[in-house]
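Inside the fold
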There are 4 protein chains.
Amino acid sequence: MVDTGPDVEFIKIGDLVSVPFNIACGRCRNCKEGKTGVCENVNPDRPGSAYGYVDMGGWVGGQADYVLVPYADWNLLKFPDKDRAMEKILDLAMLADIFPTGFHGCVSAGVKPGSTVYIAGAGPVGLAAATSAFLLGAAVVIVADLNKERLDQAHTFGCETINVALGEPKDQIEHILGEPVVDCAVDAVGFEARGHGHESEEEHPATVLNTLMDVTRAGGALGIPGLYVTGDPGAREESAKHGSLSIRIGLGWAKSHSFVTGQCPVMKYNRQLMMAILNDRVQIAKNVNATAIPLDEAPRGYHEFDEGAARKYVLDPHGMLARAS
Amino acid sequence: MVDTGPDVEFIKIGDLVSVPFNIACGRCRNCKEGKTGVCENVNPDRPGSAYGYVDMGGWVGGQADYVLVPYADWNLLKFPDKDRAMEKILDLAMLADIFPTGFHGCVSAGVKPGSTVYIAGAGPVGLAAATSAFLLGAAVVIVADLNKERLDQAHTFGCETINVALGEPKDQIEHILGEPVVDCAVDAVGFEARGHGHESEEEHPATVLNTLMDVTRAGGALGIPGLYVTGDPGAREESAKHGSLSIRIGLGWAKSHSFVTGQCPVMKYNRQLMMAILNDRVQIAKNVNATAIPLDEAPRGYHEFDEGAARKYVLDPHGMLARAS
Amino acid sequence: MVDTGPDVEFIKIGDLVSVPFNIACGRCRNCKEGKTGVCENVNPDRPGSAYGYVDMGGWVGGQADYVLVPYADWNLLKFPDKDRAMEKILDLAMLADIFPTGFHGCVSAGVKPGSTVYIAGAGPVGLAAATSAFLLGAAVVIVADLNKERLDQAHTFGCETINVALGEPKDQIEHILGEPVVDCAVDAVGFEARGHGHESEEEHPATVLNTLMDVTRAGGALGIPGLYVTGDPGAREESAKHGSLSIRIGLGWAKSHSFVTGQCPVMKYNRQLMMAILNDRVQIAKNVNATAIPLDEAPRGYHEFDEGAARKYVLDPHGMLARAS
Amino acid sequence: MVDTGPDVEFIKIGDLVSVPFNIACGRCRNCKEGKTGVCENVNPDRPGSAYGYVDMGGWVGGQADYVLVPYADWNLLKFPDKDRAMEKILDLAMLADIFPTGFHGCVSAGVKPGSTVYIAGAGPVGLAAATSAFLLGAAVVIVADLNKERLDQAHTFGCETINVALGEPKDQIEHILGEPVVDCAVDAVGFEARGHGHESEEEHPATVLNTLMDVTRAGGALGIPGLYVTGDPGAREESAKHGSLSIRIGLGWAKSHSFVTGQCPVMKYNRQLMMAILNDRVQIAKNVNATAIPLDEAPRGYHEFDEGAARKYVLDPHGMLARAS
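Residues numbered from 1 in each chain as written. Chains lettered and ligands numbered in written order. Predicted model: local features only at pLDDT ≥ 70, side-chain atom pairs only at ≥ 80, totals over all residues. Heavy atoms only, no water.

With that settled, consider the interface of chain D and chain A. How big an interface is tends to be stated in terms of accessible area lost as the parts join. The interface is formed by 20 residues belonging to chain D together with 20 residues belonging to chain A. Between chain D and chain A, roughly 1400 Å² of surface is buried when both sides are summed, and carbon and sulfur atoms account for 55% of that area. Three residues stand out in chain D for area buried against chain A, namely Pro113, Gln272 and Arg281 of chain D, and they jointly supply 36% of the buried area on that side. Applying the counting criterion to the chain D and chain A interface returns zero salt bridges. There are six residue pairs in polar contact (both at pLDDT 80 or more) connecting chain D and chain A. Elements represented by at least two residues in the side of chain D that touches chain A include exactly α6 (124-135) and α12 (270-278) of chain D. Ranked by the residues each element gives to the side of chain D that touches chain A, the list is headed by α12 of chain D, at four residues. Tallied by class, the residues present in the side of chain D that touches chain A amount to 10 nonpolar, six polar and four charged. (Contact = heavy atoms within 4.5 Å. Buried area = accessible area lost by both parts, 1.4 Å probe. Salt bridge = Lys/Arg side-chain N within 4 Å of Asp/Glu carboxyl O. Polar contact = N/O pair within 3.5 Å; in protein donor to acceptor, adjacent residues only side chain to side chain. Helix = DSSP H or I, 4+ residues; strand = E, 2+ residues; numbered from the N terminus. Nonpolar A, V, L, I, M, F, W, Y, C, P; charged D, E, K, R; others polar.)

Let us now look at the relation of the copies chain D and chain A. Of the two same-sequence chains, chain D is brought onto chain A (RMSD 0.0 Å, axial shift 0.0 Å) by a rotation of 180°. Such values leave the two copies arranged in the relation of a two-fold axis. Of every C-alpha in chain D, the one belonging to leucine 136 of chain D sits nearest the axis of rotation, 2.8 Å from it. (Least-squares fit on C-alpha atoms with pLDDT ≥ 70 in both.)

Right, let's get into the sheet that holds strand β4 (residues 140-145) of chain D. On the basis of which strands lie adjacent, the open sheet formed by 12 strands has the order β5(B)-β4(B)-β3(B)-β6(B)-β7(B)-β9(B)-β9(D)-β7(D)-β6(D)-β3(D)-β4(D)-β5(D) and mixed pairing. If you trace the sheet from one side to the other, it starts and ends with β5 (160-163) of chain B together with β5 (160-163) of chain D, each paired once. When the angles between neighbouring strand axes are averaged without regard to direction, this sheet yields 20°. Here strand β9 (residues 258-261) of chain B pairs with strand β9 (residues 258-261) of chain D via three bridges, running antiparallel. From the neighbouring strand, valine 260 of chain B faces β9 of chain D, where its bridge partner is serine 258 of chain D. Along the sheet face, helix α9 (residues 207-215) of chain B touches β3 (116-120), β6 (182-187), β7 (216-224) and β9 of chain B and points at about 150° away from the line of β7 of chain B. Along the sheet, helix α8 (residues 169-177) of chain D makes contact with β3 (116-120), β4, β5 and β6 (182-187) of chain D, crossing β5 of chain D at roughly 155°. (Pairing = 2+ DSSP bridges. Axes fitted to C-alpha atoms, helices over the stretch in contact; angles between N-to-C directions.)

Attention now moves to the side chain of histidine 257 of chain B. Relative to the assigned elements, histidine 257 of chain B resides in the loop between α11 (249-254) and β9. Among the polar contacts made by the side chain of histidine 257 of chain B, one reaches the main-chain carbonyl oxygen of threonine 216 of chain B at a distance of 3.1 Å. Leaving out residues up to four positions away in the same chain, histidine 257 of chain B has contacts with Met213, Thr216, Arg217, Gly220, Leu222 and Gly252 of chain B together with Phe259, Val260 and Thr261 of chain D.

Let us now look at the domain arrangement of chain A. The domain boundaries assigned to chain A delineate domain 1 (17-78) and domain 2 (98-261). Taken over C-alpha atoms, the centre of domain 1 of chain A sits 27 Å from the centre of domain 2 of chain A. (Domains from an automatic or database assignment.)

All names here are of chain B. Within the fold, isoleucine 98 resides in helix α5 (residues 98-108). By relative accessible area, which is 4% here, isoleucine 98 ends up buried. Along the primary structure isoleucine 98 and glycine 126 are separated by 28 residues, whereas in three dimensions their C-alpha atoms are 8.8 Å apart. In this view, isoleucine 98 contacts Pro124, Val125, Ala128, Val288 and Lys312; residues no more than four positions away in its chain are not counted. (Buried < 20%, exposed > 50% of the residue type's maximum accessible area, 1.4 Å probe, protein only.)

The subject of this paragraph is the confidence of the model for chain A. Per-residue confidence for chain A averages 93 on the pLDDT scale, and 95% of its residues sit at or above 70. Across the predicted assembly, pTM comes out at 0.96 and ipTM at 0.95. (pLDDT = per-residue confidence, 0-100.)

With that out of the way, let us pick up the relation of the copies chain B and chain D. Least-squares fitting of chain B to chain D yields an RMSD of 0.0 Å, with the transformation described by 0.0 Å of translation along the axis and a rotation of 180°. A shared binding surface is used by both copies, with 100% of the interface residues of chain B retained as interface residues in chain D.

Here we take up the sheet that holds strand β9 (residues 258-261) of chain A. Spatial strand order, β5(A)-β4(A)-β3(A)-β6(A)-β7(A)-β9(A)-β9(C)-β7(C)-β6(C)-β3(C)-β4(C)-β5(C): 12 strands in an open sheet with mixed pairing. Of all the strands in the sheet, just β5 (160-163) of chain A together with β5 (160-163) of chain C have a single pairing partner and so form its edges. Each adjacent strand pair in this sheet contributes to an overall mean axis angle of 20°, direction not counted. Packed on one face of the sheet, helix α9 (residues 207-215) of chain A meets β3 (116-120), β6 (182-187), β7 (216-224) and β9 of chain A and runs near 150° to β7 of chain A.

Bringing helix α8 (residues 169-177) of chain C into the picture now. Residues and elements named next belong to chain C. Taken together, the buried positions of α8 are Pro169, Gln172 and Ile173. An end-on view of α8 places all buried positions within 105° of arc, on one side of the element. Away from the buried face of α8 by more than 90 degrees, exposed residues Asp171 and His175 are located. For α8, the secondary structure elements touched by its buried residues are β3 (116-120), β4 (140-145), β5, β6 (182-187) and α9 (207-215). One or two positions beyond α8, positive phi appears at glycine 178, with a value near 85°. (Arc of directions from axis to C-beta.)

How two aromatic rings sit relative to each other is set out by the distance from centre to centre and by the angle between their planes. Inspection of every chain in the model, using the stated rule, returns 14 aromatic pairs over all chains. Summarising the aromatic geometry, the rings of phenylalanine 103 of chain A and tyrosine 269 of chain A are spaced 5.3 Å apart at their centres and angled 70° between planes, so their arrangement reads as edge-to-face. A residue pair is termed long-range when its members are at least 10 positions apart, and phenylalanine 103 of chain A in helix α5 (residues 98-108) and tyrosine 269 of chain A in the loop between β9 and α12 (270-278) qualify at 166 residues. The exposure class of phenylalanine 103 of chain A is buried, given its relative accessible area of 2%. Relative accessible area serves as the criterion here: at 5%, tyrosine 269 of chain A is assigned to the buried category. A ring pair is formed by tyrosine 71 of chain C and phenylalanine 10 of chain D, whose centres lie 6.2 Å apart and whose planes are at 75°; its orientation type is edge-to-face. Of this pair, tyrosine 71 of chain C sits in the loop between α1 (29-32) and α2 (72-75) while phenylalanine 10 of chain D is found in the segment before β1 (17-18), placing the two residues in two different chains. Judged by relative accessible area, which is 25%, tyrosine 71 of chain C ranks as partly exposed. The exposure class of phenylalanine 10 of chain D is buried, given its relative accessible area of 17%. Here the guanidinium or amino end of arginine 150 of chain A rests over the ring plane of phenylalanine 305 of chain A, the centre of that ring lying 4.9 Å away. (Phe/Tyr/Trp six-rings, centres within 6.5 Å; stacked < 30°, edge-to-face > 60°. Lys NZ or Arg CZ within 6 Å of the ring centre and 35° of its normal.)

A few words on the pairing of β9 of chain A. Residue and element names in this part refer to chain A. Here β9 shows one buried face, formed by Phe259 and Thr261, and one open face, formed by Ser258 and Val260. Pairing geometry for β7 and β9, over four bridges, is parallel. Residue pairing across strands places alanine 221 opposite serine 258, the latter belonging to β9.

Okay, structure coming up:
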């Protein structure tokens, strides 16, 4: 049919797909430039949107039996072979959020073959970043946290680890590398950081950023997928309530650092990471200790996660993940 | 309305828009990566499509009163202010094809502030490439052709010119620059090139590519928006009939050249070039000598163009361009 | 001579050259990667060095009759034609520092053809950044300052201007562009920023950075060549004494901003900018109002500059610049 | 001492170093831009030089007891820890040439995590390219050759293999991937390619390039580290004697391919690859089957290599490699 072109069907009922956590229209300037994390059309308040978040456009879902996906032809990633996909379904579930997010942190930080990398945070995003660093060819991946169980998890797949409660990161890095700095650093913590040492129960929201500048070599870059908010009503300090943090910018400037912030544009990476999973080049589910739980056990999952469990809980409303594994 | 998101209207009746010559679905991998010139869904024969071309998917139009634009929300570029747009409408008409194409050639060739640039061909795409080179900050732009009238046109906006009938391009470049090589080169001719000198009526399809390798410095790059076909039934040589040309690849290899080929992905550039036009930073219509003619005078336009007129004929079915100027 | 290769002479007595303000060894990892602003071998205290600066390696000079240039074959840029260079010598003098610095700010901020650009500061670096933005093809360049004379200077070469004492930059940008945000922003001020309005005599060191995040679109980038120090003993606030500033990082994060900081690596840009000068594509001396003064009038120059004169004073120990113009 | 800066010693007697095969001055424009493969000062005939090659500047060495290294502070890569280096010395020996060359081919072809890659040639450079592709995170690496022993070697470290004598590469790729095209392709053969099938004893110098265009997806890129010469006196065809090959450029153009040619600039990659080796992320010596032989056995090594042995012979004049392993 000449006039209307090939009869193409993009997504059809029965396809097995991954849904990026960010919602994007696929038509605005930012979407056309690949910046789907700051789509201009899906949130009346500001660029960028996501399912089931406060202040992100009011889209429901994300933790539900079903979800309405707007602009589905644009947003969805279809798995090419359904049977093969089912064999790796728990890994593929990570494509919606933490795997691309950790990967984005590493790419933004300039990780490449031979890099030494410091990753702040051994939660799911930190472990996904560490996994990504290895996939990108990093020579040494150092993961830092206060939580021993999570550091042990990082250790299982070849990371060096730093317990920030036990001394200055810089000194511990020197012990590992023979020099006190790394090439690249990723902030997988964000504003909810706790300080080091005995005062560690209090939030010290700029701690991670300041440490990252301290441990990154001059000329290096910092990837910052960890969330910083425009305002935090519960913060101790007045400035933090308005999203301002006390940052040692002079240190970063003296070292000519670059800083890349913001929500990961999932679509920029999910296809290639899917390929790495389907061809057995990466074990993201194992590395983040992904654990499928039924939807009605979500409160337990959240509770254990808050307690510091070294697990990525994945809600599995229809038992699909449980059946596959 | 929470469930379905903001009520966004992308393109509506009455908008004044630019239609890229390449047709793209906005959903395939290549489109998502910005490679709309090789969209995978709009041509059953091979990636990439265009209006009114042979072997490009069978989409009609491009030279008609009206055109059906598939995936219009994705493909169309809307001008933000209709009144302002009407004042620059002949310039904006160049956004559909030759301005982005010439610009793509320059970007692919690595043109930046201070570059010396050689552009093969002073036809509309060559003149658009020269215009783009200046917009990108080039120090010296040298345009080469066999057609004196077209070279004179290039001269009107500050280009140096080379008549390839009058001597080796390398020698003429040395005369202009004090050295026989340029930083960047653009092929705005393609396979229909004619040779230099007395034999110039015959096609010498690889002449331009070979000259470009000769005149580009070691470490430089070649942008090749000029069309090379997969087969040319009318070619003199058997190999050219199958799209094979005799190329001095050894010369390019010794100089570590990069070659970037293919149809321009218009959407990658048209918004920024629109901004340059609307803010009077570039005079593309004047530089290519854009001339609006009614649709029924198209045969005359084609004839004069084939005769070598230094004009870009623009079909103006509804007299809109004529009225605006 | 087979064993020792061609007899190459890099720099010889009598050459006319430009000396980048940063000193670099040409052999360390950072130099090999083009990051000459953070050379690892020329300053025992930390990466990066410069002539005549405190805490930058102890190299004398920069404002003297003669200067010793270490690693001269690496650091010096030789002008190809001495006679031609003498005709543009005041422009070429800008290659040592402010022109590349302003250019680096724009490149870091992603300025390209069609960009809308906000430049904080109409001092010499700000005006050099504005000049660079046009050279890179920017559609609209908006320069902001509190000093009317400097803004007038920016106006002379086509910039839009904003007096930040007269209202929110965002509102003034909306008045100019029709939307309250720009694509790219450059901080040509640094930590010595003064606040807006009646309190403007006090330093508000993070003002510029916070404004830049406010006025830059989501997905945009900030180039930050303006100096931020690791410590400022004379600062009002305790944190600023240690180089910490209160930054609205949450705002930048929500907009996925990138931040590129640090001293310009002059060598990365000076050759191409030289080419633009020598071929009359840019009038940097005129735009920054470069004014040559004898070495012994340096104190007057500093005084007038501190008073806010819209001039770039250039020390001219041997009267070479004065004679040339 | 203030005037002359820190007392830096770059390379000193006793250091263990890697010598890139390309010789570069470290002061010319190309060197400053990282293009050390086309240094402008070390070869009076044309940019680019190497030890012991015809027509490359007349520098002796490369296969000798000792070698004179010009501009040694610039050219040499020092291993940070001599003891650790001795443990990996056979791997580190690959940094002089084939490992960076294979890596450059992959980087030029755009290989990244998740890529599918086709590598033409299972000789040492091809196997190094395959090793590099995995280090860069490739999902599937397909190596093609006519030599079964070499293909078997590729198979030992996880490559898929294609014997081009047994059918069209496109068909064999489809069998492996489920689609007949790859994302990225590397030419690790060059002009000495032999054709497929019964005529395989003759050289078909453009065979590899044409196959690469055939098997690379639209929008993909080709890395071409395989050597193409400016002239081949022994070629069968007249055009090939002058370095011209019959290339299906129309096919590449229709697919918007990019082509990156030339000698690898070793210095751009050797430090990072050294880090990957020293931290056990890659086994390059094992993958290319590196075999140290005494200098006086070089003729045997060349002979066996010409016979198609799946080995990379490494000349070991002082028995250092032999002692280490």
